[in-house]
Amino acid sequence: MQTAADLKNLLTRIDRRGYPAYKDTRESYQFPDYVLSIDHVQGDPFAAPSKLSIHIPGKQAGFPPALYRTPCQRVALQDALTRRFGHQASQASFQAKGSGHSGLIAVSRCGQEVLERTACTLDPKNGDLVLRLEVGFPANGRTINARELEKILFELLPRYAAASLFYRNLDARQLQAVADLAEDQQYIRTILPQLGLCAFVANGSILPRASGVSSLPLKGAIPFQSPSELEVTLNLPHRGALTGMGIQRGVTLIVGGGYHGKSTLLQALELGVYPHIAGDGREYVITDPTAVKIRAEDGRSIRNTDISLFINDLPNGKDTVHFTTEDASGSTSQAANVVESLEAGASLLLMDEDTSATNFMVRDALMQQVIHRDMEPITPFLERVRELYDQHGISTILVAGSSGAYFHPADCVIQMDRYVPHDITARAKEAARAFPLPDAPLQPARAPAFDRRPKPSPAFQGGERVKLKTLGRDSVCLNRETIDLRSVEQLTDSEQLTALGYCLLYAQKHLMDGRRTLRQIANALEQLLETQGLSALCESRSGIPFLARPRRQEMLACFNRYRDLNL
Ligand code: ADP
Ligand code: MG
């Protein structure tokens, strides 16, 4: 290891030389309070910025182990420190002059959800702290401007680090509150199954967001208030008693007029698989962690998926037990999305009629009379939803404002009325008796086998380096192929998409051998992330990228949308 003085000398030597001389800085340097590691140096001022990391021994960082006793508390603390460092960096109006990314200082930008990230890691064994950042090494044209880099490395970073990464300089009560909230949220998640619930929405929660492009809470929103029939009171370890709406496992229907807040409630439940930061309004909206939002997704590819639960006897004689297409329809895509979610281990499905294929959801009596059952390849979800729960323990929460047919299979019917939920189960069931469903001579479904065993794709067998690029929250590209993830609605951060790209690469290299099933591959990946962390996904030759942890449900969703998946 070199000293900070060595780095200063080096910078003096390479000042005004050609940009490649920056490569010599790739090293670790002992600063007074931490080790600064320059992990990757960009090739020119316009290339992706250089990767740096700050390493602080546990003793110096000084965070009391009580703040990161459980994994969820540790993730919350890492998240809080990342936000704090990012806040410091964004407040400084410093911008080095120069070409390309000169002077840029970038850290992960955290949204409303608390995610495990490579941006900041705290070793649970000894409290050692690592913070990762990107810096655009400054240049004029292609000539090194080392004076500006010196300013960044010797003035700014030490100042940001001091203000955000050392316990003695931080507000102890605030950090305690972060740890307590994390533990309370985790408590709710673990208590849900014991209470027979699949979701909980605390009274007072703020569900709507400020706008379609902002995930901040809507100001002046009507706070959530549970119907008395569905109210449960939990006793959280820190906050104490907390009352809210408990949604029982089974089939739950959310109905109500247009614009009365149905989709808003469902969207809050979708993201309730993640913890939220204090002040978000959804801190105590907690959903079964395996929940998957199901929607129609015309145009997606499907590889060898058994959709016979819903689709049989297609007019072209196409096999629906091993269904493959490059361009799925609304109904076949939604069928595949359900089956693949079950394969990924979902025990709760979330659906909104706004984003569903109508013919997948229902078929009314009149249509059934005119178009005989034998002529219709689709068994609508309506006819399977009960069976999914009764035979397989898969619950469903469904927004359906336009069809009363689901009153029949529902266990619970919630009406949203001007953003206030009411339990109308008894009334809805009573009314439904006057509109019986046509007798469905339904054959019990054969459970899908879930034995797809992918082999490595030819695209990866050459052994060349694969180019991976994330396009925001929308898609991730591996070499030429773009995996469209816009309809995988529970992805919330572009760093999760980057991580998915690396998951797929890792699986291609080490796991997809034609013997492991997709489920086993997801298990192996989860195990890897659990024991070695996110950075185990990538070879760190050019520094560890910013990654955020996806769930196994999204891993498989990504693999299933990869058009070169070799199945
Ligand atoms: P629906 O799905 O029933 O048609 P939405 O959930 O899309 O209705 O909500 C319609 C509008 O009402 C949205 O703009 C949403 O932000 C707003 N909204 C939802 N819940 C609330 C609330 N609790 N307070 C105020 N506005 C809300
Ligand atoms: Mg809606």
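Every value quoted in this text rests on a predicted model; they were computed, and no experiment measured them.

Calculation rules
Residues numbered from 1 in each chain as written. Chains lettered and ligands numbered in written order. Predicted model: local features only at pLDDT ≥ 70, side-chain atom pairs only at ≥ 80, totals over all residues. Heavy atoms only, no water. Helix = DSSP H or I, 4+ residues; strand = E, 2+ residues; numbered from the N terminus. Buried < 20%, exposed > 50% of the residue type's maximum accessible area, 1.4 Å probe, protein only. Contact = heavy atoms within 4.5 Å. Areas by Shrake-Rupley, 256 points an atom, 1.4 Å probe, with all protein chains shown as cover. Pairing = 2+ DSSP bridges. Near = heavy atom within 4 Å. Polar contact = N/O pair within 3.5 Å; in protein donor to acceptor, adjacent residues only side chain to side chain. Nonpolar A, V, L, I, M, F, W, Y, C, P; charged D, E, K, R; others polar. Salt bridge = Lys/Arg side-chain N within 4 Å of Asp/Glu carboxyl O. Phe/Tyr/Trp six-rings, centres within 6.5 Å; stacked < 30°, edge-to-face > 60°. Lys NZ or Arg CZ within 6 Å of the ring centre and 35° of its normal. Donors = N, O, S within 2.8 Å, 3.2 Å for Na, K, Ca; no water.

**Re the overall build of the protein**
- When its secondary structure is counted, the protein shows 14 helices and 26 strands.
- When its C-alpha atoms are laid out on the principal axes, the protein stretches across 85 × 55 × 40 Å.
- Buried residues in the protein amount to 55% of all 567 residues.
- In the protein, once contacts between residues fewer than 6 apart in sequence are set aside, the share between residues at least 24 apart is 71%.
- Total accessible area on the protein stands at roughly 24,900 Å², and carbon and sulfur atoms take up 50% of it.

**Things to note about the pairing of strand β10 (residues 197-202)**
- Burial runs high along β10: six of the six residues are buried.
- Here β10 pairs with strand β14 (residues 240-248) via five bridges, running antiparallel. Paired with Ala202 across the strands is Gly244, a residue of β14.
- In terms of strand pairing, β10 meets strand β16 (residues 285-287) through three bridges, oriented antiparallel. Across the sheet, residue Ala199 finds its bridge partner in β16, namely Thr287.

**Remarks on the site of ligand 1**
- Close to ligand 1 lie 13 residues; Ile222, Tyr259, Lys262, Ser263 and Thr264 are nearest.
- The backbone of Tyr259 places a nitrogen or oxygen atom 2.7 Å from an oxygen atom of ligand 1.
- Within the backbone of His260, an N or O atom sits 3.2 Å from an oxygen atom of ligand 1.
- Broken down by class, the residue content of the shell around ligand 1 amounts to six nonpolar, six polar and one charged.

**Digging into the pattern of salt bridges**
- Evaluation of the coordinates by the stated rule reveals 33 salt bridges.
- For Glu383, the salt bridge identified is with Arg373, shortest N-O distance 3.1 Å. With a gap of 10 residues between them, Glu383 in the loop between α9 (365-370) and α10 (385-392) and Arg373 in the loop between α9 and α10 connect regions that are remote in the sequence.
- In this structure Glu383 comes out as buried when scored by relative accessible area, which is 15%.
- Between Arg486 and Asp484 there is a salt bridge, with the nearest N and O atoms lying 2.7 Å from each other.

**Regarding the packing of aromatic side chains**
- Applying the stated criterion across every chain, the model contains nine aromatic pairs.
- Aromatic pair Phe31 and Tyr34: ring centres 5.5 Å apart, planes at 10°, arrangement stacked. As far as the burial class goes, Phe31 and Tyr34 line up, both buried.
- Counting every residue linked through ring pairs, the aromatic cluster contains Tyr19, Tyr22 and Phe137.
- Its end group placed over the ring of Phe323, Lys318 keeps NZ or CZ at 5.3 Å from the ring centre.

**Overview of the coordination of the magnesium ion (ligand 2)**
- The magnesium ion (ligand 2) binds to the protein through Ser263 (OG) and Asp354 (OD), with metal-donor distances spanning 2.1 to 2.2 Å. Placement of the pair is Ser263 in helix α6 (residues 262-271) and Asp354 in the loop between β20 (348-352) and α8 (358-361), with a sequence separation of 91 residues.
- When its relative accessible area of 19% is taken as the criterion, Ser263 is described as buried.

**Description of the environment of Pro158**
- For Pro158, the location among the structural elements is in helix α4 (residues 146-164).
- Each C-alpha atom of the pair Pro158 and Asp33 lies 8.4 Å from the other, and the pair is 125 residues apart in sequence.
- Not counting residues within four places of it along the chain, the set of residues in contact with Pro158 comprises Tyr34, Ile152 and Leu153.

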